[in-house]
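Close look at the chain arrangement
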Amino acid sequence: VQLQASGGGLVQTGGSLTLSCATSVSIFIISAMAWYRQAPGKQRDLVALISSGGSAHYADSVKGRFTISRDNSKNTVYLQMNSLKPEDAAVYYCNAKRYNPYNEYWGQGTLVTVSS
């Protein structure tokens, strides 16, 4: 499984960005898709996850501001980020998980910079 992330960039505080992650295989064979982020000097943290059934889960820090969604016809997952804050600045990584047996896959990171 290969993942291609895109959509990062520079945005002002309060602005919006949409990240995209395209998979090389049918999204239907993937159990869950997720976005993680890693700021300099910090660990990589889960931001949002969407299951194959469409259930979404968010880190508390982004609830109400970020929305994860999937377009099955395009084998693509999106992360709509609104009301961005400087603390949202990080490298965002797309992640795919398959269960039974468990495997996970990572895309290349896409940098999000939020100016204050």
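Presented here is an overview of the structure given in this document.

1. Some thoughts on the packing of aromatic side chains
Counted according to the given criterion, the structure contains three aromatic pairs. With a centroid separation of 6.4 Å and an interplanar angle of 85 degrees, the aromatic rings of Tyr93 and Trp106 are classed as edge-to-face. One end of the pair, Tyr93, is in strand β9 (residues 90–98); the other, Trp106, is in strand β10 (residues 103–106), with 13 residues separating them in the sequence. With a relative accessible area of 16%, Tyr93 lands in the buried category. For Trp106, a relative accessible area of 35% corresponds to the partly exposed category. Put simply, the rings of Tyr36, Tyr93 and Trp106 pair up and form one aromatic cluster. Cation over ring: Arg44 sits above Tyr93, and NZ or CZ is 3.6 Å from the ring centre. Above the plane of the ring of Trp106 lies Arg44, whose end atom (NZ or CZ) is 4.7 Å from the centre.

2. Some thoughts on the environment of Gln108
Positionally, Gln108 belongs in the loop between β10 and β11 (110–115). Through-space distance from the C-alpha of Gln108 to that of Tyr92 is 8.5 Å; in sequence the pair is 16 residues apart. Once residues within four sequence positions are removed from consideration, Gln108 is found in contact with Leu3, Gln4, Ala5, Tyr92 and Tyr93. Within polar-contact distance, the side chain of Gln108 engages the backbone oxygen of Ala5 at 2.6 Å.

3. Details of the pairing of strand β3 (residues 17–23)
Counting buried residues in β3 gives five out of seven residues, a clear majority hidden from the surface. Sheet topology places strand β1 (residues 3–6) next to β3; four bridges connect them, and they run antiparallel. Bridge pairing in β3 places Leu3 opposite Thr23.

4. A look at the state of the cysteines
Applying the stated criterion across every chain yields a total of one disulfide. Shown here is the disulfide that connects Cys21 with Cys94, its sulfur atoms set 1.9 Å apart. On the sign convention where negative means left-handed, the S-S torsion of about -80 degrees between Cys21 and Cys94 marks this disulfide as left-handed. On the criterion of sequence distance, the pair formed by Cys21 in strand β3 and Cys94 in strand β9 is long-range, its members being 73 residues apart. You'll find Cys21 and Cys94 in the same group, each marked buried.

About the criteria used
Residues numbered from 1 in each chain as written. Predicted model: local features only at pLDDT ≥ 70, side-chain atom pairs only at ≥ 80, totals over all residues. Heavy atoms only, no water. Phe/Tyr/Trp six-rings, centres within 6.5 Å; stacked < 30°, edge-to-face > 60°. Helix = DSSP H or I, 4+ residues; strand = E, 2+ residues; numbered from the N terminus. Buried < 20%, exposed > 50% of the residue type's maximum accessible area, 1.4 Å probe, protein only. Lys NZ or Arg CZ within 6 Å of the ring centre and 35° of its normal. Contact = heavy atoms within 4.5 Å. Polar contact = N/O pair within 3.5 Å; in protein donor to acceptor, adjacent residues only side chain to side chain. Pairing = 2+ DSSP bridges. Disulfide = S-S within 2.5 Å.

In short, the description is geometric, and any link to function would need to be established separately.
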